[in-house]
Amino acid sequence: MSRDSTNREPLSPREQLAGQLAESVAGALSADLEHQPRALLVVSGGSTPLAFFDRLAAFELPWERIDVTLADERWVAESDKDSNARLVREHLLQGPAAAATFHPLTTGDGTPEQGAASVAERVMRLSWPASVVILGMGGDGHTASLFPDSGELSLALTTDEATVAVRAPSVAQPRITLSASRLHQARRHVLHIAGDDKRAVLAHAMAGDDARELPIRAFLACPLAIYWAP
């Protein structure tokens, strides 16, 4: 597949994957909006989804009826280079998709512990179940901000609350995450990863069932569409 047969470079496998995922998500949102007034899309941050965001933003959808939120967030200002909200605003809420309503996971409170209840109220008002939840995965098997070394992992895996404030030795900033229970409330789940290292981690996760060792395992028992490229 290529952008142009005459003067453009062929699409890389990751770019092809981003286009395929964008087409699938756009179709899911469109299908759900045929029988409900609003649809919810839950996305993840980091560098992997940026090409997907760019592709999805160009689809002509009734974006004014679509809500977007994050699976997790660093407790930083939206202007911060590490903010997932900044990435969503710069890459997804562009073009036709600028008409979507974005619901960030931070408040003006100094810590995620102080802001978690307010964020949970905000999240609970959205149109659950989500049309699509798109998860990423780290090399340690974490997804969203469900980290193996977090003291809040057991809570995040078991609570019925919508959000959990998270601190983990392996990450610099405190975070807030949607709980596993809340993330499970979706019609469709997608795992979007890239690289041979992530494929190896996923293979290891599939060989066991302890979500406290590899938290991505909390989502392997439900239907999960895996989008992977080298």
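Residues numbered from 1 in each chain as written. Predicted model: local features only at pLDDT ≥ 70, side-chain atom pairs only at ≥ 80, totals over all residues. Heavy atoms only, no water.

**Things to note about the overall build of the chain**
And step 1. Each helix and strand in the chain was counted, giving seven helices and nine strands.
And step 2. Rg of the C-alpha trace for the chain: 17 Å, near the compact-globule value of 17 Å for 230 residues, within the 12% margin.
And step 3. Seen through its C-alpha atoms, the chain measures out along the principal axes to roughly 55 × 40 × 35 Å.
And step 4. Within the chain, the fraction of its 230 residues that count as buried is 53%.
And step 5. Restricting the contact set of the chain to residue pairs at least 6 apart, pairs at least 24 apart contribute 71%.
And step 6. Across the chain, 21 positive and 29 negative side-chain charges occur, with their mean positions spaced 2 Å apart. (Helix = DSSP H or I, 4+ residues; strand = E, 2+ residues; numbered from the N terminus. Rg over C-alpha atoms; globule rule 2.2 N^0.38 Å. Buried < 20%, exposed > 50% of the residue type's maximum accessible area, 1.4 Å probe, protein only. Contact = heavy atoms within 4.5 Å. Lys, Arg positive; Asp, Glu negative; His and termini not counted. Charge placed at Lys NZ, Arg CZ, Asp CG, Glu CD.)

**Quick notes on the UniProt feature "domain: Glucosamine/galactosamine-6-phosphate isomerase" (unreviewed entry) in the chain**
And step 1. The feature "domain: Glucosamine/galactosamine-6-phosphate isomerase" (unreviewed entry), as annotated in UniProt, sits at residues 14-220 in this numbering.
And step 2. End-to-end, the C-alpha atoms of residues 14-220 are 23 Å apart, and along that stretch the chain is 35% helix and 16% strand. (UniProt positions renumbered as here; feature names shortened; annotations may be inferred.)

**Some details on helix H2 (residues 50-57)**
And step 1. Buried within H2 are the following residues: Leu50, Phe52, Phe53, Leu56 and Ala57. The buried side chains of H2 occupy one side of the element, clustering within an arc of 155° when seen end-on.
And step 2. Buried positions along H2 lie against helix H1 (13-33), strand S1 (39-43), helix H3 (84-92), strand S5 (132-135) and strand S8 (189-194). (Arc of directions from axis to C-beta.)

**Some words on the pattern of salt bridges**
And step 1. Scanning the model with the defined rule gives ten salt bridges in all.
And step 2. For Arg89, the salt bridge is made with Glu78, and the minimal N-O distance between the two is 2.6 Å. Of the two residues, Arg89 sits in helix H3 while Glu78 sits in the loop between strand S3 (72-74) and H3, which places them eleven residues apart along the sequence.
And step 3. Using a relative accessible area of 35% as the deciding quantity, one classes Arg89 as partly exposed. (Salt bridge = Lys/Arg side-chain N within 4 Å of Asp/Glu carboxyl O.)

**Overview of the confidence of the model for the chain**
Do not read the fine detail of predicted coordinates wherever pLDDT is low.
And step 1. The predicted model of the chain averages 96 in pLDDT, with 97% of residues at 70 or higher.
And step 2. Per-residue pLDDT stays below 50 along residues 1-5; that stretch engages in nine contacts with residues further than four places along the chain or on separate chains. (pLDDT = per-residue confidence, 0-100.)

**Observations regarding unusual backbone geometry**
And step 1. The residue after Trp128, namely Pro129, is reached through a cis peptide bond having omega 0°.
And step 2. Along the chain, the position of Pro129 falls in the loop between helix H4 (112-124) and S5.
And step 3. Phi at Ala144 takes a positive value of approximately 50°, unusual for a residue other than glycine.
And step 4. Relative to the assigned elements, Ala144 resides in the loop between S5 and helix H5 (153-158).

**What to know about the side chain of Thr177**
And step 1. Along the chain, Thr177 falls in strand S7 (residues 175-178).
And step 2. Judged by relative accessible area, which is 0%, Thr177 ranks as buried.
And step 3. Within polar-contact distance, the side chain of Thr177 engages the backbone nitrogen of Ser145 at 3.2 Å.
And step 4. Here Thr177 is in contact with Ala71, Asp72, Ala144, Ser145, Leu146, Ala162, Thr163, Val164 and Val166, once residues within four sequence places are set aside. (Polar contact = N/O pair within 3.5 Å; in protein donor to acceptor, adjacent residues only side chain to side chain.)

**Observations concerning the packing of aromatic side chains**
And step 1. Counted by the stated rule, this structure contains one aromatic pair.
And step 2. Measuring from ring centre to ring centre gives 5.7 Å for Phe52 and Phe53, while their planes differ by 45°; the resulting arrangement is tilted.
And step 3. On the accessibility criterion, Phe52 (1% relative accessible area) is buried.
And step 4. With relative accessibility at 1%, the residue Phe53 sits in the buried group. (Phe/Tyr/Trp six-rings, centres within 6.5 Å; stacked < 30°, edge-to-face > 60°.)

**Regarding the sheet that holds strand S6 (residues 163-166)**
And step 1. Read across the open sheet, the three strands follow the order S3-S7-S6; overall the sheet is antiparallel. Pairing within the sheet leaves two strands with one partner each, and these edge strands are S3 and S6. For this sheet the average axis-to-axis angle between neighbouring strands, irrespective of direction, equals 15°.
And step 2. Here S3 runs beside S7; their pairing, made up of three bridges, is antiparallel. Bridge assignment links Glu73 to a residue of S7, and that residue is Ile176.
And step 3. Lying over the sheet, H4 contacts S6 and S7, oriented at roughly 160° with respect to S6. (Pairing = 2+ DSSP bridges. Axes fitted to C-alpha atoms, helices over the stretch in contact; angles between N-to-C directions.)

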